[in-house]
Amino acid sequence: MKILSIETSCDETAISILDFRENAGKIETKILSNVLRSQIEIHKEFGGVFPNLAKREHAKNLPIIFLENLKKSGLYEEQKNILDEETKDKLRKALEHEKGLDEEIIKIFESIKKPGIENIVVTSGPGLEPALWVGINFAKALNIIWGIKVIPANHMEGHILSVFLDSSNTETQAIDLNKINFPALALLISGGHTELVTISEKLEYKKIGKTLDDAIGEAFDKVARLLGLPYPGGPEISRLAKISRDDPSPRSESRASIKLPRPMINSGDYNFSFSGIKTAVLYLIKKIENLDEQTKKDIAKEFEEAVTEVIVSKTKKALEEFNIKTLIIGGGVSANSFIKKSFEELIAEKNKEVELFFPDSHMSGDNSVMIGLVGILKIIKNTETVPITEIKADSNLSL
Ligand code: KG4
Ligand code: ZN
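Since the structure is predicted, the reported quantities are computational estimates derived from the model, not experimental observations.

Time to look at the pattern of salt bridges. In this structure the tally under the stated criterion is 27 salt bridges. For Lys-55, the salt bridge is made with Glu-98, and the minimal N-O distance between the two is 3.1 Å. Taken together, the residues span a long stretch of sequence, with Lys-55 in helix H2 (residues 51–73) and Glu-98 in the loop between helix H3 (85–94) and helix H4 (101–109) at a distance of 43 residues. For Glu-85, the salt bridge identified is with Lys-88, shortest N-O distance 3.8 Å. Taken together, the residues span about one helical turn, with Glu-85 and Lys-88 both in helix H3 at a distance of three residues.

In structure tokens:
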């Protein structure tokens, strides 16, 4: 069965076409096409993501990458396909908030044949509301023209499932659900979220902890900004931290005085807080008269170690309390090599029986392959479908 998946929750516009079949508990999936347009260069100028700018870019990118997907997957076929006035009116109404996208879509669809795609999966939340709506309305437009069913997907579930597919692999990939040991635990670390979620055998999710203020990725981005580093801050902080960590020279007094708090590490629950650490960095910078390159690297290192200690400590506690057999780490921040190494050490030293999953490097950030997988599981589990009129953007959608 072929499905098309759409992701527009933040600053990446992504569409993929996946072909899957279920075979004795195994989900055999082939990525037929996968196109992602990042808006990072556009948002860099503002030091963060601007929702209405993101929306405009998604609207511009969607028709283009949709066509690219059809061509790459071999599903593109030209056909004169004049839309009747009633369909055009419906399209214009569905896309009334996405200026210009209606005419663009009408133009494209008048020359292509309906592809053999049975379902469209689209991120409905969480994320930036205007950005989510463009993706949803684009999916609704495809439904109006071709009658293809639309399935809403939770972006965070996508980050959990991202560990099971590799978007750079064009061969058939088999996901063997029977091989996953339950209960599982997911630590979701991204620009908008920091969550610990338990997963039962029936793939039911239960959030046991979340951030009370900033997300961990947001903290990386804000601290980077304080240090004068470009957006997104995560990779930059990580790069500087590594230089400081690998530097064998003895620590000077000022280097040793760079200390940051480990917020909520002993709170006894599974919640997080990362806004205080950003403020602590601000005070530290104010105190230091000369914020030279070496000091920036040392602050980056201390920051990375502080947040890592917190997430490792909370995760360790949850592994033990819930007798976890599988640990999944997902979200953009999971690309961080120090964080990855720290979890590998935790499992190797303390929780050997736990199987650890990290996403492939192409799958850690936002992408549409993971959204496709959310849809595939819903189709396989026969999850009740939502009427298309009820599919709405929900910026706070929870697992
Ligand atoms: O999952 P994601 O792509 O988008 C959201 O859904 O939020 O995560 C983006 C976040 C950004 O805050 C970015 O700075 C962070 O992931 N990030 C990293 C690294 N690569 C990306 N944080 C730390 N270390 C990295 N290597
Ligand atoms: Zn994300």
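After that view of the structure, there is still more to cover.
Near ligand 1 you find 19 residues, and of these Gly-191, Asp-221, Gly-234, Gly-332 and Asn-336 are the closest. A distance of 3.1 Å separates an oxygen atom of ligand 1 from a polar atom in the backbone of Gly-217. The separation between an oxygen atom of ligand 1 and a polar side-chain atom of Asp-221 is 2.7 Å. Going through the elements one at a time, helix H6 (155–161), helix H7 (216–226) and helix H8 (233–246) are the ones with two or more residues in the shell around ligand 1. Its residues placed into classes, the shell around ligand 1 shows five nonpolar, 12 polar and two charged.

Before going further, it helps to spend a moment on the environment of Phe-338. Structurally, the position occupied by Phe-338 is in helix H12 (residues 337–349). For Phe-338, a relative accessible area of 17% gives the class buried. For the pair formed by Phe-338 and Lys-242, sequence separation is 96 residues and the distance between their alpha carbons is 8.2 Å.

Here we take up the pairing of strand S4 (residues 119–125). With respect to burial, S4 is a largely interior element, seven of its seven residues being buried. Of the strand pairs in this sheet, strand S1 (residues 2–7) and S4 are connected by four bridges, and their pairing is parallel. Paired with Leu-4 across the strands is Ile-120, a residue of S4. Sheet analysis places S4 next to strand S5 (residues 149–154), joined by six bridges and oriented parallel. Note that in S5 the partner of Asn-119 across the bridge is Lys-149. In this view, the connection linking S4 to its parallel neighbour S5 by way of helix H5 (residues 129–146) has right-handed handedness.

Attention now goes to the sheet that holds strand S9 (residues 205–210). Overall, mixed pairing links the five strands, which are arranged S9-S8-S7-S10-S11 in an open sheet. The open sheet has two edge strands with one neighbour each: S9 and strand S11 (355–357). Going across the sheet, the axis of each strand differs from the next one's by a mean of 20 degrees, ignoring polarity. Taken together, the five bridges between strand S8 (residues 194–199) and S9 define a ladder with antiparallel strand orientation.

This part is about the coordination of the zinc ion (ligand 2). The protein atoms donating to the zinc ion (ligand 2) are His-155 (NE2), His-159 (NE2) and Asp-366 (OD), with metal-donor distances spanning 2.0 to 2.1 Å. The sequence pattern formed by the donor residues of the zinc ion (ligand 2) is H-x3-H-x206-D. Here the residue His-155 occupies a position in helix H6, and Asp-366 occupies one in the loop between S11 and helix H13 (369–380), the gap between them amounting to 211 residues. Here the two residues His-155 and Asp-366 agree in accessibility, since each one is buried.

Their axes nearest at 11 Å, the elements H7 and helix H11 (residues 293–321) cross at an angle of 170 degrees. Overall, the two elements H7 and H11 adopt an arrangement that is roughly antiparallel. In this structure, H7 uses Ile-216, Ala-219, Phe-220 and Val-223 to contact H11, whose residues at the interface are Phe-303, Glu-304, Val-307 and Ile-311. Classifying every residue of the contact of H7 with H11 by side-chain character gives seven nonpolar, no polar and one charged.

Each neighbour pair has its own omega, and for Gly-125 with Pro-126 the value is -10 degrees, a cis peptide bond. When you line up the elements, Pro-126 lands in the loop between S4 and H5. Going from Tyr-231 to Pro-232, the amide bond is cis rather than trans, its omega being -10 degrees. Look at Asn-323: it is not a glycine, yet its phi comes out positive at around 50 degrees.

Two measures define how a pair of helices packs: the angle their axes make with one another and the distance between the axes. Direction vectors running N to C along H8 and H11 enclose 105 degrees, while the axes themselves pass 7 Å from each other. Taken together, the axes of H8 and H11 lie roughly perpendicular to each other. Across the interface between the two elements, Ile-237, Ser-238, Leu-240, Ala-241, Ile-243, Ser-244 and Arg-245 of H8 pack against Lys-296, Lys-297, Asp-298, Ala-300, Lys-301, Phe-303, Glu-304 and Glu-305 of H11. When the residues that make up the contact of H8 with H11 are grouped by side-chain class, the tally is six nonpolar, two polar and seven charged.

Reading the values: rules and limits
- Residues numbered from 1 in each chain as written.
- Chains lettered and ligands numbered in written order.
- Predicted model: local features only at pLDDT ≥ 70, side-chain atom pairs only at ≥ 80, totals over all residues.
- Heavy atoms only, no water.
- Salt bridge = Lys/Arg side-chain N within 4 Å of Asp/Glu carboxyl O.
- Helix = DSSP H or I, 4+ residues; strand = E, 2+ residues; numbered from the N terminus.
- Near = heavy atom within 4 Å.
- Polar contact = N/O pair within 3.5 Å; in protein donor to acceptor, adjacent residues only side chain to side chain.
- Nonpolar A, V, L, I, M, F, W, Y, C, P; charged D, E, K, R; others polar.
- Buried < 20%, exposed > 50% of the residue type's maximum accessible area, 1.4 Å probe, protein only.
- Pairing = 2+ DSSP bridges.
- Right-handed = clockwise from strand over helix to strand, strands pointing away.
- Axes fitted to C-alpha atoms, helices over the stretch in contact; angles between N-to-C directions.
- Donors = N, O, S within 2.8 Å, 3.2 Å for Na, K, Ca; no water.
- Parallel < 35°, antiparallel > 145°, perpendicular 65-115°, else oblique.
- Contact = heavy atoms within 4.5 Å.

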